[in-house]
Amino acid sequence: MQWGLIGASTIAAEHMIGAIRAQNGHSVKAVLSANAERGAGFASAHGIPSSTASLDEMLSDDDIGAVYISATNEKHLPQAMAAIAAGKHVMCEKPLAMSAADAAKMVSAAEEAGVLLATNHHLRNAGSHLAIKALIQDGKLGEVLSVRIFHAVLLPEHLRGWRLSDSAAGGGVIPDIVVHDADTVRFHLEEDPQEVVAMESHGSLSRGAEDGAMSVWRMPSGVQVMTHESFTHPFAPSGFEVHGTKGSVIARNVMTQRPVGEIALITAAGSREVSFANHGLYDRSLALFADALNGNGQPSATGVDGVKSLAVAEAVKQAAVTGRAVTIDYHGV
Ligand code: NDP
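The structure contained in this document is the topic of the report that follows. Bear in mind the structure is a predicted one, so any value in this text is a computation, not a measurement. (Residues numbered from 1 in each chain as written. Predicted model: local features only at pLDDT ≥ 70, side-chain atom pairs only at ≥ 80, totals over all residues. Heavy atoms only, no water.)

Bringing the packing of helix α5 (residues 100-113) against helix α10 (residues 303-322) into the picture now. Packing of α5 against α10 leaves a shortest axis separation of 9 Å and a crossing angle of 175 degrees. Comparing the axis directions of α5 and α10 gives the class roughly antiparallel. The segment α5 lies against α10, with Ala100, Ala103, Ala104 and Val107 engaging Gly303, Val304, Val307, Leu310, Ala311 and Glu314. A per-class count over the contact of α5 with α10 returns eight nonpolar, one polar and one charged. (Axes fitted to C-alpha atoms, helices over the stretch in contact; angles between N-to-C directions. Helix = DSSP H or I, 4+ residues; strand = E, 2+ residues; numbered from the N terminus. Parallel < 35°, antiparallel > 145°, perpendicular 65-115°, else oblique. Contact = heavy atoms within 4.5 Å. Nonpolar A, V, L, I, M, F, W, Y, C, P; charged D, E, K, R; others polar.)

We now examine the environment of Ala269. With respect to the helices and strands, the residue Ala269 is situated in the loop between β13 (262-267) and β14 (270-274). The exposed category is assigned to Ala269, whose relative accessible area is 78%. Sequence separation between Ala269 and Gly247 is 22 residues, and the spatial gap between their C-alpha atoms is 9.5 Å. (Buried < 20%, exposed > 50% of the residue type's maximum accessible area, 1.4 Å probe, protein only.)

In terms of burial, helix α6 (residues 127-137) is largely enclosed, as eight of its eleven residues are buried. Every buried residue belonging to α6 is among Gly127, Ser128, His129, Ala131, Ile132, Lys133, Leu135 and Ile136, and all of these are buried. As for α6, its buried residues are in contact with β7 (144-152), α8 (173-189), β11 (239-244), β12 (247-252), β13 and β14.

Cis geometry marks the peptide bond from Lys94 to Pro95, where omega comes out at -20 degrees. Along the chain, Pro95 turns up in the loop between β5 (89-92) and α5. Of note in this structure, Glu190 is not a glycine but carries a positive phi near 55 degrees. Relative to the helices and strands, Glu190 is located in the loop between α8 and β8 (195-201). Located in the positive-phi region is His331, a residue other than glycine, with phi close to 55 degrees. Within the fold, His331 resides in the segment after β15 (326-327).

Taken together, 25 residues are adjacent to the ligand, and Ala8, Thr10, Ser33, Asn73 and Tyr282 come closest. One of the backbone nitrogen or oxygen atoms of Ala8 is found 2.8 Å away from an oxygen atom of the ligand. Take Ser33: an N or O atom from its side chain is 2.5 Å from an oxygen atom of the ligand. Across the complex, the protein chains shield 77% of the 880 Å² of accessible surface that the ligand would expose by itself. Listing elements by their share of the shell around the ligand, those giving two or more residues are α1 (10-21), α7 (162-165) and α8. For the shell around the ligand, a count of residues per class yields eight nonpolar, twelve polar and five charged. (Near = heavy atom within 4 Å. Polar contact = N/O pair within 3.5 Å; in protein donor to acceptor, adjacent residues only side chain to side chain. Areas by Shrake-Rupley, 256 points an atom, 1.4 Å probe, with all protein chains shown as cover.)

So, about a nonpolar patch on the surface. There is a patch of nonpolar side chains on the surface, built from Val197, Val216 and Met226 and spanning about 220 Å² of accessible area. Along the chain, Met226 turns up in strand β10 (residues 224-230). Its relative accessible area of 41% is what places Met226 among the partly exposed residues. (Patch = residues over 30% accessible without salt bridge, like charges linked within 9 Å, V, L, I, M, F, W, Y side chains within 5 Å. Salt bridge = Lys/Arg side-chain N within 4 Å of Asp/Glu carboxyl O.)

Right, dumping it as structure tokens:
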């Protein structure tokens, strides 16, 4: 499978080119950048055979069977729709689009065209989260009562562009991080959040877009979820906690792109450390996508998962702006 990269992005450079190349028989053939010179420089820096500034040119290349979309968020919908129409399989970055309604259009188009559409939600691929999910499924926590997510970080300097200033490009901590938290909660609890209340903040890094958010979600089962996302916290460890009638999981440093962190399981018997696998998160995301291309299973996060995570983030934004509780609209997916 030869891939086209749509977007000469940081995430492609830091994680995804390597993850594609780690799959047997997969390679990167071309990169698209709106700036031809930048594209050529990116191709040369990463050993990619060609670059182009024309989406049509990339999509008319019959050697390219799949594309990875990691341009800024407002471009995902038109780029994905064009790729799907050209019969390419699509691995798209989160958020899939600027609205859940648009993301649902991508899912319908991919279904009709018979191509694979996946969302690059990395956290559900982490050994840490797979281990936490196994504890929940094995009944070690009893009945789940609540989840707490700590996802307040310091945005690295090299990423302090559109994310802080440009809501039109999908900037803001809500589209950037709440979608990941929503996907992670859905992955663990296997149900979709129903209703949210939220507040956002415009702190020291904001240049227009929100750089902090806190929210509370009600799950259909009655489980309550509390989340904190931020770009401005230099020293706060990230974390994920699940509390149940028989036990609690306290995980730290697990809302991250790297296979790191610590997990403790606390029960009546005391506290014990839980070990977990340390494979690359993006490697596993690509491996499951490659398996699905071969007719084996599903991508780790499908297009539908991408619609649902965005629907939650959209509701959090609306709740923060209006000060009201918002019922989540999943647009029929
Ligand atoms: P970047 O800002 O690095 O890249 C986005 C676009 O900005 C690129 O496609 C490129 O446009 C342009 N760009 C990048 N660097 C430069 C530069 N030095 N000078 C001029 N233009 C530049 O974004 P990220 O890689 O952080 O994010 C891209 C997408 O990936 C987003 O949708 C984001 O939400 C998602 N993401 C997902 C993560 C995950 O874990 N799933 C983690 C990080 C991001 P062009 O291609 O036209 O040259």
